[in-house]
Amino acid sequence: MASMKLGSKPDAFKRQGQAWFCTTGLPSDVTVEVGDMSFHLHKFPLLSKSACLARSIEENADQEECVIKLNDIPGGAKSFELVARFCYGVKIELSPANVVYLRCASEHLEMTEEVAEDNLIAQSEMFLNQVVLRNWKDSLTALETCDDLLPHAENLQIVKRCIESLASKATTDPNLFGWPIREHGIMQSPGGSVLWNGISTGARPRNFNADWWYDDASSLSFPMYKRLISTMESRGIQPEIIAGSLTYYAKKYLPGLNRRHSMGTVPLTAALSEVEQKNLLEEIDRLLPVQKGIASTKVLLGLLRTAMILKASPTCISNLEKRIGMQLDQATLEDLLLPNFSYTMETLYNVECVHRILDHFLAMDQANGGESPCLDDVMASPSLTPITSVAKLIDGYLAEIAPDINLKLPKFQALASAVPEYARPLDDGLYRAIDIYLKAHSWLSEAEREQLCRLLDCQKLSLEACTHAAQNERLPLRVVVQVLFFEQLQLRTSIAGCLLVSDNLEGSRPLRSGIATSGEAGGWATAVRENQVLKVGMDNMRMRLAELEKECSSMRQEIEKLGGRSSKGGGGGWASRVVPRRLGLKVRSQMCSVQEGSVSEQQRSMSAKLDKLQAKVTKHKKQLAADA
């Protein structure tokens, strides 16, 4: 820390309780009272340096005892002690920690050059401008002292000058000028080596990043910090750097941000009151740049959670929800599980808040020209747009909140249906969430179950999901029959795809064997053996396929008959209406890779699958007959 020595006389001041005495041998002829502290001094040293004190002494000249009260002096007794030492010529040391006190006090006491040469105003002003404001650490220290000296430091433009100095240095690489930088308590010499007790150790510091000043700036009070950030913005500093500093400041003074997650190595300070934390969070929200991606989604969700705990203003909460909605595709499921802090505690998690965030994301997606791609485009590229990752995130969120018995069906259904249909390449995640909800809410009526299951598109379920759904007793019967139908179509399409690939491979074998005869001696024999095995397998597969087609046709006819029989009871026309209509829909094909030995395995798998499905249909056929 830089310093400048003033005066040359030895110390002649002694303190006794709440009083200071000057031990020069002469009796005191003036008493200066500053607050609860009294200074027993002499008139001449004071009036020779201060016009203000000279007038006060003159006004009390006719008094038997000269007593001067200085209750309004900036810095109080601490400042006047230093001023008194300066007036007596006693050695004092100007430093960044006291120069603002002395500058404000000397201005108040009118210690100008007209009164005495090299007076305190000139000395403190010179040290401030030529030493303190040229150094990052000293400017920061001086600015920290200004909080106790307002509005005097403001009127003398000291606050403005310190902030301008800090802002200019924060936007410049400190390595270019060798500023001493406080970093985790380590001082840097102008040459760049690490200092220990002022002595160069020869160790070289690491390179500084753009965030080198975050920790130092966070030591400022928020009014000073806010002015510093505003000045940096006016100088064109990047919004990402501003947001990073605001995030660091918030983590340091808002303990709620660090309770759920380890959000970086930010040292916590003495906790503020809840009202102070609430005001700080609202101010940080106003200062954060509005661009997308400036602050991480994790931090924004942490701010939102803390805002709910502190009961921040609706405007603050709404702004944070909009910020999160702009980049919802970058969120994680764990961060999205916002607890419900309302007094009613209707649900465990704040579902309405997540719904509003999703609405903001969808509105932004539409405003940016988001289109609804067809199903084939989404299946070809599941990460076609960020909305597909948001749909997966919401499906996972639905599965997490589904076990809550207080979660009402309309609220669950509204959030699930808010995701556009084209955003889900597969409905497996939605099916899982619905299944968990049905399991946790076993008292739902059949009509409510059917209403919930209308969210599902059975032809967007994978084979694994279809297999699970076909055996799921919690699903309505009509949904099970629909799942069985589309599972059969997927099996048929899968077999047809295998045959198509096999035919293409079979047609390409002669070309491969022909090449082998010209270049590889053993290629022909291998190709002949492979062709023989493949032809036998293909013949068996074609025969099995014909049987499968007959069985599928028979099953479809029986389902239609059962649907017609149930329609007599008032509710069975579904099979005759839904199934034929769904036949015209495009079904995703799943291509099978054919390798050596896979033909027999596919044959056994398909046979076992069909037998199992036939048993399921028989079971549900009996149930339909009983209902009729």
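Note that the coordinates shown come from a computational prediction; the quantities given were computed from them, not determined experimentally. (Residues numbered from 1 in each chain as written. Predicted model: local features only at pLDDT ≥ 70, side-chain atom pairs only at ≥ 80, totals over all residues. Heavy atoms only, no water.)

K.L.:
I would appreciate a short explanation of the overall build of the chain in the present structure.
P.N.:
Along the backbone of the chain there are 26 helices and 10 strands. Relative to its 628 residues, the chain shows a buried fraction of 49%. In the chain, of all internal contacts separated by at least 6 residues, the share reaching a separation of at least 24 is 71%. By element, 53% of the accessible surface of the chain is carried by carbon and sulfur atoms, the whole surface being about 31100 Å². (Helix = DSSP H or I, 4+ residues; strand = E, 2+ residues; numbered from the N terminus. Buried < 20%, exposed > 50% of the residue type's maximum accessible area, 1.4 Å probe, protein only. Contact = heavy atoms within 4.5 Å. Areas by Shrake-Rupley, 256 points an atom, 1.4 Å probe, with all protein chains shown as cover.)

K.L.:
What is the right way to read the pattern of salt bridges from this model?
P.N.:
Between side chains of opposite charge, a pair can form as their charged atoms come close. Summed over all chains, the structure comprises 20 salt bridges. Two residues, R85 and D11, come together in a salt bridge whose shortest N-O distance is 2.7 Å. Pair noted here: R85 is in helix α3 (residues 76-88) and D11 is in the loop between β1 (4-6) and β2 (13-16), with a separation of 74 residues, a long-range link. Taking relative accessible area as the criterion, R85 reaches 10% and is therefore assigned buried. The salt bridge partner of E107 is R103, with a shortest N-O separation of 2.8 Å. (Salt bridge = Lys/Arg side-chain N within 4 Å of Asp/Glu carboxyl O.)

K.L.:
Even after reading the chapter, I still don't get the sheet that holds strand β6 (residues 67-69), so can you show me in this structure?
P.N.:
Sheet strands line up and pair through hydrogen bonds in the backbone, either parallel or antiparallel. Spatially, β2-β3-β5-β4-β6 is the arrangement adopted by the five strands of the open sheet, whose pairing is mixed. Across the chains shown, the open sheet's two edge strands, defined by having one partner strand only, are β2 and β6. Taking each pair of neighbouring strands and ignoring which way they run, the sheet shows an average axis angle of 20°. As paired elements, strand β4 (residues 30-34) and strand β5 (residues 37-41) share five bridges and run antiparallel to each other. Counterpart to E33 in the pairing with β5 is S38. Its contacts with the sheet put α3 on β2, β3 (19-22), β4 and β5, and the angle it makes with β5 is roughly 10°. (Pairing = 2+ DSSP bridges. Axes fitted to C-alpha atoms, helices over the stretch in contact; angles between N-to-C directions.)

K.L.:
What is the right way to look at the nonpolar core in this model?
P.N.:
In summary, soluble globular proteins display a tendency toward joint burial of nonpolar side chains. Counting residues in hydrophobic clusters, the biggest one holds 154 residues, and the most contacted among them are L41, F80 and W213. Examining the composition of this core, we find that nine residues originate from one element, helix α18 (residues 386-401), more than from any other. Among all residues touching W213, those that are not within four sequence positions of it are W136, A170, I229, M232, I237, I241 and S245. (Core = buried A, V, L, I, M, F, W, Y, C linked by side-chain atoms within 4.5 Å.)

K.L.:
Before we go on, may I ask you to explain the packing of aromatic side chains in this structure?
P.N.:
The geometry of two aromatic rings is summed up by the distance between their centres and the angle between their planes. On inspection of all chains with the given rule, the structure shows 10 aromatic pairs. The interplanar angle of 20° and the centroid separation of 4.2 Å between the aromatic rings of Y225 and Y249 together place this pair among those described as stacked. Of this pair, Y225 sits in helix α10 (residues 222-234) while Y249 sits in helix α11 (residues 239-253), placing them 24 residues apart in sequence. Since its relative accessible area comes to 0%, Y225 is described here as buried. Through a chain of ring-to-ring contacts, the aromatic side chains of F222, Y225, Y249 and Y253 assemble into a single cluster. (Phe/Tyr/Trp six-rings, centres within 6.5 Å; stacked < 30°, edge-to-face > 60°.)

K.L.:
I keep staring at the packing of helix α4 (residues 99-108) against helix α5 (residues 120-130) and nothing clicks. Help me out?
P.N.:
A packed helix pair is summarised by two numbers, namely the angle formed by the two axes and the spacing between the axes. One way to put it is that α4 packs onto α5 with a least axis distance of 9 Å and a crossing angle of 145°. Both α4 and α5 take part in a crossing whose hand is left-handed. From α4, V99, L102, R103, S106 and E107 reach across to α5, where they touch L120, I121, S124, E125, F127 and L128. Its residues assigned to classes, the contact of α4 with α5 comprises six nonpolar, two polar and three charged. (Left-handed = near helix turned anticlockwise from the far one by under 90°. Nonpolar A, V, L, I, M, F, W, Y, C, P; charged D, E, K, R; others polar.)

K.L.:
When you look at the environment of N350 in this model, what are you seeing that I'm missing?
P.N.:
Residue N350 is classed as buried on the basis of its relative accessible area of 12%. The spacing of N350 and L338 is 12 residues in sequence and 5.7 Å in space, taken between C-alpha atoms. Not counting residues up to four positions away in its chain, the partners in contact with N350 are M308, L338, P339, N340 and Y397.

K.L.:
Mind showing me how you'd approach unusual backbone geometry here?
P.N.:
Trans is the prevailing form of peptide bonds, just as negative phi is the prevailing case for residues other than glycine. Of note, the bond from L150 into P151 is cis; its omega dihedral lies within 30 degrees of zero at 5°. Looking at where P151 falls in the secondary structure, it is placed in the loop between α6 (136-145) and α7 (152-155). Unlike most non-glycine residues, E110 shows phi in positive territory, near 55°. You can see E110 is positioned in the loop between α4 and α5. Of note, Q157 is a non-glycine position whose phi angle comes to about 65°, a positive value. Tracing the backbone through its elements, the reader meets Q157 in the loop between α7 and α8 (158-170). Among the residues examined, Q157 registers a relative accessible area of 40% and is labelled partly exposed.

K.L.:
How do you make sense of the side chain of Q277 when you look at a structure like this?
P.N.:
Turning to its location among the elements, Q277 is positioned in helix α12 (residues 274-287). Residues within four places of Q277 in sequence aside, it is in contact with Y253, L254, P255, L272 and L310.

K.L.:
It is not clear to me how a negative patch on the surface should be interpreted in this structure. Could you clarify?
P.N.:
Taken together, E113, E114, E117 and D118 make up a surface patch of like negative charges. Considering the arrangement of structural elements, one finds D118 in the loop between α4 and α5. Given a relative accessible area of 45%, D118 falls into the partly exposed group. (Patch = residues over 30% accessible without salt bridge, like charges linked within 9 Å, V, L, I, M, F, W, Y side chains within 5 Å. Lys, Arg positive; Asp, Glu negative; His and termini not counted. Charge placed at Lys NZ, Arg CZ, Asp CG, Glu CD.)

K.L.:
So what exactly am I meant to see when it comes to helix α2 (residues 51-59) here?
P.N.:
An α-helical segment advances 3.6 residues per turn. Residues three or four places apart therefore align on the same side. Residues C52, L53, S56 and I57 constitute the buried set of α2. The buried residues of α2 all sit within an arc of 130° when viewed along its axis, so they share a single face. Projecting away from the buried face of α2 at angles above 90 degrees are the exposed residues E58 and E59. Elements in contact with the buried residues of α2: α1 (43-47), β6, α3 and α4. The N-cap residue of α2 is S50: its side-chain oxygen and the backbone nitrogen of C52 are 3.4 Å apart. (Arc of directions from axis to C-beta. Polar contact = N/O pair within 3.5 Å; in protein donor to acceptor, adjacent residues only side chain to side chain.)

K.L.:
Is there a simple way to think about the packing of α18 against helix α19 (residues 409-418) in this case?
P.N.:
As a packed pair, α18 and α19 sit with axes 10 Å apart at the nearest point and diverge in direction by 165°. Put simply, α18 runs roughly antiparallel to α19. For the element pair α18 and α19, the recorded crossing hand is left-handed. Residues I394, Y397, L398 and I401 of α18 lie in contact with α19, whose contacting residues are F412, L415 and A416. (Parallel < 35°, antiparallel > 145°, perpendicular 65-115°, else oblique.)

K.L.:
So what exactly am I meant to see when it comes to the pairing of β3 here?
P.N.:
Consecutive side chains of a regular strand alternate in pointing toward one face of the sheet and then the other. When β2 meets β3, the two strands line up antiparallel, connected through four bridges. Across the sheet, F13 pairs through a bridge with C22, a residue of β3. The antiparallel hairpin formed by β2 and β3 contains two residues in its connecting segment, where G17 sits at a positive phi of about 65°.

K.L.:
In this structure, what is going on with the pairing of β4? I would like to understand it.
P.N.:
In terms of residue burial, β4 counts as a mostly covered element, since four of its five residues are buried. Count of turn residues in the β4/β5 antiparallel hairpin: two residues, of which G35 carries a positive phi of about 65°. The pairing of β4 with β6 spans three bridges and is parallel. Along β6, the bridge assignment pairs V32 with I68.

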